[in-house]
Amino acid sequence: MASSFSINSITPRTTSKLRNYSFPAFKATINFRGKKSSSNLICERSCRLGIVRASSTEVVDDHHGVADVDEGTKKVLRVGLICGGPSAERGISLNSARSVLDHIQGDDLHVSCYYIDNNLNAFAISTAQVYSNTPADFDFKLESLAQGFRSLTDFTEHLASSVDIVFPVIHGRFGEDGGIQELLERSNIPFVGTGSTQCEKAFDKYDASLELDRQGFVTVPNFLIQGSEMDESGLSKWFDQNLLDTKLGKVVVKPTRAGSSIGVSVAYGVTDSLIKANRIISEGIDDKVLIEIFLEGGSEFTAIVLDVGSGFDCQPVVLLPTEVELQSHGTVDVREKDAIFNYRRKYLPTRQVAYHTPPRFSMDVISKIREGASLLFQRLGLRDFARIDGWFLPPSSKASSSAGNKFGRTDSGSVIFTDINLISGMEQTSFLFQQASKVGFSHSNILRTIIQHACLRFPALLSHNIISSPSTRSKSSSVTEAFIKQRKKVYVIFGGDTSERQVSLMSGTNVWLNLRASDDLEVTPCLLAPATSYSDVSNFAKHEVDKKSKTVWTLPYSLLLRHTTEEVLDACLEAIEPNRAALTSHLRNQVMDDLTRGLRKHSWFNGFDISDELPKKFSLDQWVKLAKESQVTVFIAVHGGIGEDGTLQSLLEDEAVPYTGPGVMASKTCMDKVATSLALQHLTDSGVLTINKDVKKKEDLLKMSISDFWHDLRSKLHCDTVCVKPARDGCSTGVARLCCEGDLTFYVNALQDCLPRIPPNSLSKAHGMIEMPNPPPDLLIFEPFVETDEIVVASKSRNENAHNLLWKGDNRWVEVTVGVVGKRGSMRSLTPSVTVKESGDILSLEEKFQGGTGINLTPPPSSIMSSAALGRCKKHIELIANTLQLEGFSRIDAFVHADTGEVLIIEVNTVPGMTPSTVLIHQALSEQPPLYPQQFFRKLLDLASERSM
């Protein structure tokens, strides 16, 4: 058991950078209506695996069993992966850790995982816990399921004897401000990345700005507010000096020591600026706030810098920078007219932002960005890798014209560097991997190159030569041509035209990355191209008539790592456009030459492993025939539309091409929520209940009297509160709770105006952002809103320092989501997950699919649902699956009575989300033995192959 952290437990020398952290008492109780019981702390027993014991050199490996790393055998590099931390970015940190773990683990490199909670308590956690969606998924279980350390001193003593090198992936405070680095330095523990002193200077945006100015770089004019000192007079003078109107002048307000755009907002005038600065301070985000002029007309960019030098000889190479383009589609809400690259746009795949790698800047600007980022890396004393953000401003810009002779001026405008990220995000499609893949690095290759480079600084680690690219795809001599020919061919298809296409891209990318780890598979990612425009719904409907006329692109590695299907499609078109392709090829060769000059000196570098291939375009009909000729198995990751309504399944069946998931008829039934209810309504006596529904055409709804329809709806459904949802869409798009006639009016107007989203709290009851289907749905379902007992994880409430689980309400119904896996007629239920909503009454798109958000309790805590009720629930879920003739895998969403195990069906997803944060992964890890993502997706693929035999 870990006790609450005391700063006195650290030796005096280690507190210099830790003194700014507060350490409230840590509570580890779980409270269900005031009850407290350690027996309620249940979880998959596999979570106890993967803990490194300080007294032994034996390492428990969740993936490979026990790995003996004694001196008599080949040396295995022991890497300690540390995630979490006290900042609001700890969820993103968990995503990064998951991605790093997926891509570096191997026979020559063993990973042990550690987690720092928001009170700076340290824990050794299992790899299973790394696959949780958010820290809140397991925070309250830590003291019973993980190896806790009494203090950070004990933690560093453990690390010193148990790992060879630490890879910190803590974003924000304690990770990038020098906190964890100083802790490791004091104990002489090798680690990846920049040292503590340099981190401290670079992380603080104000201090970094001063340093950049001293180094001769163009900087953004700014004003610092500290603590409670709201210097209105000084800020007014600053506005005047920068020719800004004191009442309406547009500025950006941001914390100086936070990342991922957390707390960043646009303000107008002095008063508004002070209000927003005070909000940052009062919410505890930071006690130092920076106010900067808003860079009008500029283009944001970000660049990864990789050090390829030897030891302490720094030789930074800047990869191909990425341009960040903010976009708006359809009607733009007034609150978004001054959009910035905020947390939501960074981590949720919507069409609000697009990325261009390389940027659409002139060659002199791109060269200046690369030159400047390289100089900054050197002058600030950074190590191994970093991400540097900035702006390109046209000559007409105020900031550009005041740049003088400082570094950053070009004939085309000015380059300004604004943010230095010491631990760049490492999610699957992050800037690190986007830019690295453009110049020949796979995920594994770039991460292992970074780790191996860090080892060069520590003489004791020079004997550990891990292979930079351990995959057989690196064309090593051990792979024979015959073996390559024997590989089983797999197409992973994703994308499509529905509002779920962006989540489909996330699912397809995750499946592809996991399957390609199998050396006996040749896996090709395939984009079912989205329609070019949805502005004319009649054209869209016409487009849907001939399914076979749809376009499919087979993709090379680097083109897939994008955030939206539109980006992927644009990248395909750019790749085959002669001028753009020539520019990209020139820049790619330039960067690869720079990299080669440094990396060829290192014996451990195994070369680049991603070739510069072109995408290929097919009609859907041609693609299906190609799949047949090549004896391919298709892994379907197309959510909604032809991916779930039986169309794609029918096309593949016609050509005898095996595919994952349910067959044609089951897909058709489950796609239609009304048909699903009708198919199950005879199971009432067996404990399976359905919800009454009223279906309306959108065109009829727009013509009706809203007042009359609302009255009729409540009478027909016998309820006061209504849930509205598209009849053929999922992923929470367009799903809303309507409590009054005004809510219905607002929703109908949103449909009529084709709004891309309904802003938070636009309806009478509090809710989060509601993404709307695009194009708008033809059919809408209205059904009674089912009240469930509220479950609150206290670490997400105002009491940030308690990890309590609070269960409120008396009706005993909870919402669950359950995966089912197996063959037709014998489908088996995985362990259900209880879903916890963080905002409003309906799971948002973020809570379902944005890594680092949303909470799922897997399995349900026993004080919410007994083992007997859980068993009955699983039996009912299996009855549903087999009645609907499901096969392969699917996901069933339902309400479950916590005492009886009765199930009230919500919907069945025959192509469920398969993102890195999906609950299906959590549930697979609850199996005995646990199924890790690579094993789980391989099992689903094998089920498809077995069905075809």
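Worth saying up front: this structure is predicted, and the values here are computed from it rather than measured.

Undergrad: How would you sum up the overall build of the chain? Please name residues and give values.
TA: Scanning the chain from N- to C-terminus turns up 31 helices and 38 strands. Excluding contacts between residues fewer than 6 apart, the proportion of contacts in the chain whose partners are at least 24 apart in sequence is 74%. Surface accessibility of the chain: about 34,800 Å² in total, with carbon and sulfur atoms responsible for 49%.

Undergrad: Give a description of a nonpolar patch on the surface that names residues and reports values.
TA: The grouping of Leu573, Ile576 and Leu614 at the surface amounts to a nonpolar patch, some 290 Å² of accessible area in total. The exposure class of Leu573 is partly exposed, given its relative accessible area of 42%.

Undergrad: I'd like to hear about the environment of Gly871, residue by residue, with values.
TA: With respect to the element layout, Gly871 can be found in helix H29 (residues 867-883). Along the chain, Gly871 and Thr831 lie 40 residues apart, while their C-alpha atoms are 9.3 Å from each other.

Undergrad: Can you explain the sheet that holds strand E22 (residues 616-619)? Please cite residues and give values.
TA: An order of E22-E21-E20-E19-E23 is seen for the 5 strands of this open sheet, with the pairing classed as mixed. One side of each edge strand has no neighbouring strand; the edge strands of this open sheet are E22 and strand E23 (633-636). Sheet twist, expressed as the mean angle between neighbouring strand axes with direction ignored, is 30 degrees. As paired elements, strand E20 (residues 521-528) and strand E21 (residues 551-554) share 3 bridges and run antiparallel to each other.

Undergrad: Mind laying out the packing of helix H16 (residues 501-515) against helix H19 (residues 565-575), listing which residues take part and the relevant values?
TA: One way to put it is that H16 packs onto H19 with a least axis distance of 8 Å and a crossing angle of 70 degrees. The orientation of H16 with respect to H19, classified from their angle, is roughly perpendicular. Within the contact between the two elements, H16 uses Arg501, Gln502 and Leu505 and H19 uses Thr565, Glu566 and Val568. Looking at the contact of H16 with H19, its residues break down into 2 nonpolar, 2 polar and 2 charged.

Undergrad: An account of the nonpolar core is requested, with residue identities and associated values reported.
TA: Of all hydrophobic cores here, the largest spans 147 residues; its most connected members are Phe167, Trp623, Val634 and Phe635. The contact partners of Trp623, leaving out residues within four places of it in the chain, are Tyr491, Ile493, Cys526, Val552, Thr554, Phe618, Val634, Leu648 and Leu652. By size, the runner-up hydrophobic cluster in this structure holds 35 residues, among which are Trp807, Met865, Ala869 and Leu884.

Undergrad: With reference to specific residues and values, describe the packing of aromatic side chains.
TA: Tallied over the entire structure, the rule returns 20 aromatic pairs. The lysine or arginine in question, Lys368, covers the ring of Phe407, its NZ or CZ lying 4.8 Å from the ring centre. Between Arg737 and the ring centre of Phe785, over which it is positioned, the NZ or CZ distance is 4.1 Å.

Undergrad: Describe the packing of helix H26 (residues 706-717) against helix H27 (residues 741-752), naming the residues involved and giving the relevant values.
TA: When two helices pack together, you describe them by how their axes are tilted relative to each other and by the distance separating the axes. At a minimum axis distance of 10 Å, the contact between H26 and H27 shows a crossing angle of 120 degrees. By the criterion of interaxial angle, the relationship of H26 to H27 is oblique. Our pair here, H26 against H27, has a crossing hand that is right-handed. Contacts from Ile706, Ser707, Phe709 and Trp710 of H26 reach H27 at Glu741, Leu744, Thr745 and Val748.

Undergrad: Could you give an account of the pairing of strand E14 (residues 322-326), with specific residues and numbers?
TA: Pairing between strand E12 (residues 299-307) and E14: 3 bridges, direction antiparallel. Counterpart to Thr302 in the pairing with E14 is Thr322. Strand direction decides the pairing type here: E14 and strand E15 (residues 353-356), joined by 4 bridges, are antiparallel. Looking across to E15, one finds that Glu325 is bridged to Ala354.

Undergrad: Give a description of helix H14 (residues 443-455) that names residues and reports values.
TA: Between its first and last C-alpha atoms H14 spans 19 Å; for 13 residues at 1.5 Å apiece the expected length is 18 Å, and the two agree. In terms of residue burial, H14 counts as a mostly covered element, since 13 of its 13 residues are buried.

Undergrad: How would you summarise the pattern of salt bridges if you had to cite specific residues and measurements?
TA: Considering all chains together, one arrives at 42 salt bridges under this definition. Salt bridges sharing common partners tie together Asp621, Lys625, Lys628 and Glu655.

Undergrad: Could you give me a rundown of the sheet that holds strand E6 (residues 147-148), with the residues and numbers involved?
TA: Ordered by their spatial adjacency, 5 strands build an open sheet running E6-E5-E4-E3-E7, and the pairing between neighbours is mixed. Lying at the two open borders of the sheet, with one neighbouring strand each, are E6 and strand E7 (165-168). One ladder, built from 4 bridges, connects strand E4 (residues 109-116) with strand E5 (residues 122-125); its direction is antiparallel. Its bridge partner lying in E5, Cys113 is registered against Ile125. Helix-sheet contacts for helix H1 (residues 90-104) involve strand E3 (77-84), E4 and E7, and the interaxial angle to E3 is about 160 degrees. Packed onto the sheet, H14 meets E3, E4 and E7 and runs at close to 130 degrees relative to E7.

Undergrad: Report on unusual backbone geometry, specifying residues and quantitative values.
TA: In this structure, Pro358 follows Thr357 across a cis peptide bond, with omega equal to 0 degrees. Take Pro358: it is sitting in the loop between E15 and helix H11 (363-379). Following Gln928, the chain continues to Pro929 via a peptide bond in cis, the omega torsion being 0 degrees. Inspection of the secondary structure puts Pro929 in the loop between helix H30 (919-925) and helix H31 (933-948). Even without a glycine there, the phi angle at Gln631 is positive, about 55 degrees. Tracing the sequence through the fold places Gln631 in the loop between helix H21 (620-629) and E23.

Undergrad: So what's going on with the environment of Ala202? Residues and values would help.
TA: By secondary structure assignment, the location of Ala202 is in helix H6 (residues 196-203). Placed 26 residues apart in sequence, Ala202 and Glu176 show a C-alpha to C-alpha distance of 8.6 Å. If sequence neighbours within four positions are ignored, Ala202 has contacts with Ala208, Ile420 and Leu422.

Undergrad: I'd like to hear about the pairing of strand E33 (residues 813-822), residue by residue, with values.
TA: With 10 of 10 residues buried, E33 is to be regarded as a mostly interior element. The alternating pattern of E33 places Trp813, Glu815, Thr817, Gly819 and Val821 on one face and Val814, Val816, Val818, Val820 and Gly822 on the opposite face, and all of these are buried. Note that E33 and strand E37 (residues 888-897) share 10 bridges and pair antiparallel. Of the residues in E37, the one forming a bridge with Val814 is Val896. Where E33 meets strand E35 (residues 833-836), 2 bridges bridge the pair, whose relative direction is antiparallel.

Undergrad: Now, about the confidence of the model for the chain: what can you tell me, with residues and values included?
TA: Confidence in the prediction for the chain averages 83 pLDDT; 81% of positions are at 70 or higher. Low pLDDT (under 50) marks residues 472-477, which in the prediction has 11 contacts with non-local residues, meaning those over four places away or in another chain.

Undergrad: Lay out helix H13 (residues 431-438) with the relevant residues and their values.
TA: Taken across its 8 residues, H13 has 8 buried, putting it largely inside the fold. Immediately downstream of H13, the backbone of Gly440 shows phi near 100 degrees, a positive value.

Undergrad: Go over the side chain of Lys725, please, and point to the residues and values.
TA: Along the chain, Lys725 turns up in strand E26 (residues 722-726). In this structure the side chain of Lys725 is engaged in a polar contact, spanning 2.9 Å, whose partner is the side chain of Glu783. Aside from chain neighbours lying at most four places away, what touches Lys725 is Lys673, Gly734, Val735, Leu780, Ile781, Glu783 and Ile906.

Undergrad: Account for the environment of Asp654, naming residues and giving values.
TA: Note that Asp654 resides in helix H22 (residues 647-654). Under the relative-accessibility criterion, Asp654 is labelled exposed at 58%.

What counts as what
- Residues numbered from 1 in each chain as written.
- Predicted model: local features only at pLDDT ≥ 70, side-chain atom pairs only at ≥ 80, totals over all residues.
- Heavy atoms only, no water.
- Helix = DSSP H or I, 4+ residues; strand = E, 2+ residues; numbered from the N terminus.
- Contact = heavy atoms within 4.5 Å.
- Areas by Shrake-Rupley, 256 points an atom, 1.4 Å probe, with all protein chains shown as cover.
- Patch = residues over 30% accessible without salt bridge, like charges linked within 9 Å, V, L, I, M, F, W, Y side chains within 5 Å.
- Salt bridge = Lys/Arg side-chain N within 4 Å of Asp/Glu carboxyl O.
- Buried < 20%, exposed > 50% of the residue type's maximum accessible area, 1.4 Å probe, protein only.
- Pairing = 2+ DSSP bridges.
- Axes fitted to C-alpha atoms, helices over the stretch in contact; angles between N-to-C directions.
- Parallel < 35°, antiparallel > 145°, perpendicular 65-115°, else oblique.
- Nonpolar A, V, L, I, M, F, W, Y, C, P; charged D, E, K, R; others polar.
- Core = buried A, V, L, I, M, F, W, Y, C linked by side-chain atoms within 4.5 Å.
- Phe/Tyr/Trp six-rings, centres within 6.5 Å; stacked < 30°, edge-to-face > 60°.
- Lys NZ or Arg CZ within 6 Å of the ring centre and 35° of its normal.
- Left-handed = near helix turned anticlockwise from the far one by under 90°.
- Expected span 1.5 Å × (residues − 1).
- pLDDT = per-residue confidence, 0-100.
- Polar contact = N/O pair within 3.5 Å; in protein donor to acceptor, adjacent residues only side chain to side chain.

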